[in-house]
Amino acid sequence: MIKKKIKIAIDSPAAAGGGTIGKALSKYFNLLYLDTGKIYRYIAYLKKSSPRKSNLNFLKKKIKVLKLKELEKQSLSSNEIGTLASLIAKDKKIRQLVYNFQINCAYKFPKKFNGSCLDGRDITYKIIPDADFKFYITASLKVRTIRRYKELIKLGKKTTIADVRKSIKSRDYSDLNRRISPLKRTKDSILINTSNLTKKACFLKIKNIIEKEIKY
Ligand code: C5P
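Throughout this document, residue positions are counted from 1 along each chain, in the order its sequence is written. Since the coordinates come from a predicted model, pLDDT governs what is reported: local features require at least 70, and pairs of side-chain atoms require 80 or more to be given and counted, while whole-chain, interface and lining totals use all residues. Note: side-chain values were computed over all heavy atoms of the structure, leaving out hydrogens and water.

Colleague: I'd like a rundown of the overall build of the protein, residues and numbers included.
Modeller: Note on conventions: DSSP H or I runs of at least 4 residues are helices, E runs of at least 2 residues are strands, and numbering of each starts at the N terminus. Counting its regular elements, the protein contains nine helices and five strands. Traced from its N-terminal end to its C-terminal end, the protein shows the element sequence β-α-β-α-α-α-α-β-α-β-α-α-β-α. Overall, the C-alpha framework of the protein stretches about 50 × 40 × 30 Å when taken along its three principal axes. The buried share among the 216 residues of the protein stands at 50%. In what follows, residue pairs with any heavy atoms lying within 4.5 Å of each other are defined as contacts. A separation threshold of at least 6 residues defines the contact pool for the protein, and within that pool the share at least 24 residues apart is 80%. Carbon and sulfur atoms make up 55% of the accessible area of the protein, which totals about 12100 Å². This count recognises Lys and Arg as positive and Asp and Glu as negative, with His and chain-terminal groups excluded. A charge is said to be at NZ when it belongs to Lys, at CZ for Arg, at CG for Asp and at CD for Glu. Where the 52 positive side-chain charges of the protein centre and where its 17 negative ones centre are 3 Å apart. Burial classes follow relative accessibility: with a 1.4 Å probe on protein chains only, a residue under 20% of its type's maximum area counts as buried, one over 50% as exposed, and anything between as partly exposed. Each accessible area value is a Shrake-Rupley result obtained with a 1.4 Å probe; residue values ignore everything except the protein chains displayed when judging cover.

Colleague: I'd love a proper account of the sheet that holds strand β3 (residues 115-120), names of residues and values included.
Modeller: The strands making up a sheet associate through hydrogen bonds between their backbones, and the pairing can be parallel or antiparallel. The pairing criterion for strands is at least two bridges between them, as found by DSSP. One open sheet accounts for five strands, arranged β2-β3-β1-β4-β5; its pairing is parallel. Every other strand in the sheet has two partners, leaving β2 (32-35) and β5 (190-193) as the edge strands with one partner each. If you compare each strand with its neighbour and ignore which way they point, the axes differ by 20 degrees on average. Alignment of β2 against β3, held across four bridges, turns out to be parallel. From the neighbouring strand, Tyr33 faces β3, where its bridge partner is Cys117. Docked against the sheet, helix α5 (residues 92-107) engages β1 (6-11), β2 and β3, running at close to 140 degrees with respect to β3. In this description, a line fitted to the C-alpha atoms serves as the axis of each element, helices being fitted only across the stretch in contact, and the angle between N-to-C directions of two axes falls anywhere from 0 to 180 degrees.

Colleague: Describe the nonpolar core, naming the residues involved and giving the relevant values.
Modeller: Buried Ala, Val, Leu, Ile, Met, Phe, Trp, Tyr and Cys residues form a nonpolar core when they are joined through side-chain atoms within 4.5 Å. Core analysis: the largest hydrophobic core is formed by 33 residues, its most contacted members being Ile39, Ile43, Ile63, Leu118 and Ile128. Going through the elements one at a time, β2, α2 (37-49), α3 (56-64), α4 (79-88), α5 and α6 (123-127) are the ones with two or more residues in this core. At seven residues, the largest contribution of residues to this core is made by α5. Counting residues in hydrophobic clusters, the runner-up holds 18 residues, among them Ile21, Leu25, Phe29 and Phe203.

Shown next, in the form of structure tokens:
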């Protein structure tokens, strides 16, 4: 049993493994998990499916009643929605819109959880700056491309390695260079390069770092 509630913040570029790790850690430590990219993807999806309706007011209402379950929908996983999400995520008003949802997950999680774990691009310095554990998870472009390609094929999406590489590259550029909330590694984040690590090895590495610090 964890005595103190913990908050884990993870930032990572697209397809580096941040989500996989976040999910596995949350299951192991019984934390509320939020893949924050999914909220931007959800907004991108709304904008794409009902472009005329999806003004700020409409989106605000949708986010207010948003349930975590809704973010698990497969329709949010496509490359196209990822690219659109990355464009939308540059908008200050959109980021403000999803700020409270993230804060609620990070700080006001239900009592049954031992804490929270969020992954995204600005979690370590904007959403949970006081996190107990901060990680910056990365991997080479080549490894990320292959991983994402396999994921998409498994989901039945039609794509090519070249397309996936191009879309990850352009998202990297946009996420790293945007003016508001760019992806960056904070000084107090532990760097984990997953290029040569299996999912299990990566999980064990981070789990051990956390377990060393928390008291049982
Ligand atoms: O993590 P994922 O690839 O699903 O995120 C989709 C897009 O949402 C990212 O490319 C990024 O532009 C945006 N995002 C963000 N801030 C976050 C999480 C995701 O800007 N905290």
